[in-house]
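The residues making up each chain are set out below.
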Amino acid sequence: MPLYELRDVTRRYGERTVLDVPELTLMGDRVYAIVGPSGAGKTTLLRILNLLDPPDSGQVRFMGQETAGNERRRLEMMRTMCMVFQKPYMFRTTVFNNVAYGLRLRSLTPTEIRSRVMEALEFVGMQDFAHHPATRLSGGEGQRVAVARALAIRPQVLLLDEPTANLDPANVAHIERIVRQGADRYGTSVLLVTHNLFQAKRIADETLLMVDGRIIEHQPTADFFAHPRDARTQAFLTGTMVY
């Protein structure tokens, strides 16, 4: 069963159409990279897939179920997803409590919460920061805690919006390793928006290119880079696309 199925999905801001997806199918247990120039509609697509924003028209199905029309069902679907933003918000408490937040909302026992929090922190290499104030973390440390907070709830889908945009190379490598190994370890499907083509090449199973709100290329990553079908993809990869 496909993870997501989109048909004739559009999103407009005023008179401007920022997203126009006639058809898109994404399968589970894969890491997807969504690349493209600024303003191409990447974040808009991610928010619609996360069910944060509804499309203006069209159909979005998640695991075979329609996402519109039933608020209770939509909320149940959202509980299986988690989104990490470019600048994640940290609550003014400890790192442990930040990671535990989503687990407490799901009414896990204190023992289960502690086990999951420490497992997630160890996975991202932040176990020694459990009682550290989260608001005093560096950018790279904060992003790793944000990913730990997401992975702790065992999401079916992890959506990442430019998670390494402002990080140094060492922290970029940390996040990439965590994302790739997290997908493999927990069976989590990952959708990653990135401007970093090398990042897509390193960790994605499939890569999509968006231009002017449309998906113009969607291939297995090796083929995306070696054998692009659309001339605009080749221009984007070589840096000759003008936008």
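Shown above is the structure to which this text applies.
One numbering rule holds for all chains: residues counted from 1, following each sequence as written. Residue-level local features of this predicted model are given only where pLDDT is at least 70; pairs of side-chain atoms are given and counted only at 80 or more, and the full residue set underlies all totals for whole chains, interfaces and linings. Each side-chain value is worked out from all heavy atoms of the structure, with water and hydrogens disregarded.

**Student:** Please explain the overall build of the protein as it appears in this structure.
**Tutor:** Helices and strands together make up the secondary structure of the protein, namely 9 helices and 10 strands. Radius of gyration: C-alpha atoms only; globule rule: 2.2 Å multiplied by the number of residues to the exponent 0.38. Relative to the globule expectation of 18 Å for 243 residues, the C-alpha radius of gyration of the protein, 18 Å, shows essentially globular dimensions. Seen through its principal axes, the protein has C-alpha atoms that stretch 50 × 45 × 35 Å. Only protein chains enter the accessibility calculation, which uses a 1.4 Å probe; a residue is then buried when its area is under 20% of its type maximum, exposed when over 50%, and partly exposed in between. Taken over 243 residues, the protein has a buried fraction of 49%. For the protein, the computed accessible surface area is about 11,700 Å², with 49% contributed by carbon and sulfur atoms. Counting rule for charge: Lys and Arg are taken as positive, Asp and Glu as negative, and neither His nor the chain ends is counted. Think of each charge as sitting on NZ of Lys, CZ of Arg, CG of Asp or CD of Glu. Seen as two clouds, the 30 positive and the 27 negative side-chain charges of the protein have centres 5 Å apart. Put simply, DSSP marks the helices as runs of H or I at least four residues long and the strands as runs of E at least two long, and each gets a number from the N terminus on. For accessible areas, the Shrake-Rupley method is used with a probe of radius 1.4 Å. Any residue's cover is judged against the shown protein chains and nothing else.

**Student:** Explain the sheet that holds strand β2 (residues 16–26) here, please?
**Tutor:** Whenever strands of a sheet pair, they do so through backbone hydrogen bonds, lying parallel or antiparallel. Spatially, 4 strands are ordered β2-β1-β4-β5 in an open sheet, and the strand pairing comes out antiparallel. Each edge of the open sheet is held by one strand with a lone partner, namely β2 and β5 (65–66). Here helix α1 (residues 42–49) sits on the sheet and contacts β1 (4–13), β2 and β4 (57–62); the angle it forms with β1, its principal contact strand, is near 125°. Two strands make a pair as long as DSSP finds a minimum of two bridges between them. By definition, residues are in contact when any of their heavy atoms lie within 4.5 Å. Interaxial angle, 0 to 180 degrees, is taken between N-to-C directions of lines fitted to C-alpha atoms, where a helix line uses only the stretch in contact.

**Student:** Would you mind going over the side chain of R11 with me for this structure?
**Tutor:** Assignment of secondary structure puts R11 in strand β1. Distance and chemistry together define a polar contact, namely a pair of N or O atoms within 3.5 Å, with one atom able to donate a hydrogen and the other to accept it when in protein, and with adjacent residues in sequence counting only for side-chain atoms on both sides. Polar side-chain contacts of R11 include one of 2.8 Å to the backbone oxygen of P54.

**Student:** Explain the pairing of β2 here, please?
**Tutor:** Residues in a regular strand project their side chains so that they alternate between the two faces of the sheet. The pairing of β1 with β2 spans 9 bridges and is antiparallel. Its bridge partner being in β2, R7 is matched across the sheet by E23.

**Student:** Where do I start with the sheet that holds strand β8 (residues 189–193) in this structure?
**Tutor:** Judged by pairing direction, the sheet is mixed, and its 6 strands sit side by side in the order β6-β7-β8-β3-β9-β10 without closing on themselves. For this open sheet the edge positions go to β6 (81–84) and β10 (214–220), each flanked by a neighbour on one side alone. In this sheet, adjacent strand axes meet at a mean angle of 15° when their direction is disregarded. Examined bridge by bridge, strand β3 (residues 31–35) and β8 share 4 bridges and lie parallel to one another.

**Student:** Sorry, what's going on with the packing of helix α4 (residues 110–123) against helix α5 (residues 139–152) here?
**Tutor:** Packed helices, taken two at a time, are described by the angle their axes make and the gap between the axes. It is the contact of α4 with α5, at a shortest axis distance of 9 Å, that shows an interaxial angle of 135°. As the angle between them shows, α4 and α5 are arranged oblique. Seen along the crossing, α4 lies across α5 with a hand that is right-handed. Counted together, R116, A120, L121 and F123 of α4 and A148, L151 and A152 of α5 form the full contact between these two elements. Note on terminology: angles under 35 degrees are roughly parallel, angles over 145 are roughly antiparallel, angles of 65 to 115 are roughly perpendicular, and the others are oblique. The hand of a helix crossing depends on one turn: near helix anticlockwise from the far one by less than a right angle means left-handed, and clockwise means right-handed.

**Student:** How should I be thinking about the pattern of salt bridges in this particular structure?
**Tutor:** Opposite charge on two side chains allows them to pair when their charged atoms are near. Should a side-chain nitrogen of Lys or Arg be within 4 Å of a carboxyl oxygen of Asp or Glu, the pair is scored as a salt bridge. Evaluation of the coordinates by the stated rule reveals 14 salt bridges. A salt bridge links R72 to E76, with the shortest nitrogen-to-oxygen separation between them at 3.7 Å. Note that R72 and E76 are positioned in helix α2 (residues 71–78) at a spacing of 4 residues, about one turn of the helix. Its salt-bridge partner being R180, residue D205 comes within 3.2 Å of it at the nearest N-O pair. With D205 in the loop between α7 (197–203) and β9 (206–211) and R180 in helix α6 (residues 169–186), this pair connects stretches of sequence that are 25 residues apart. Connected via shared salt-bridge partners are E119, R154 and R185.

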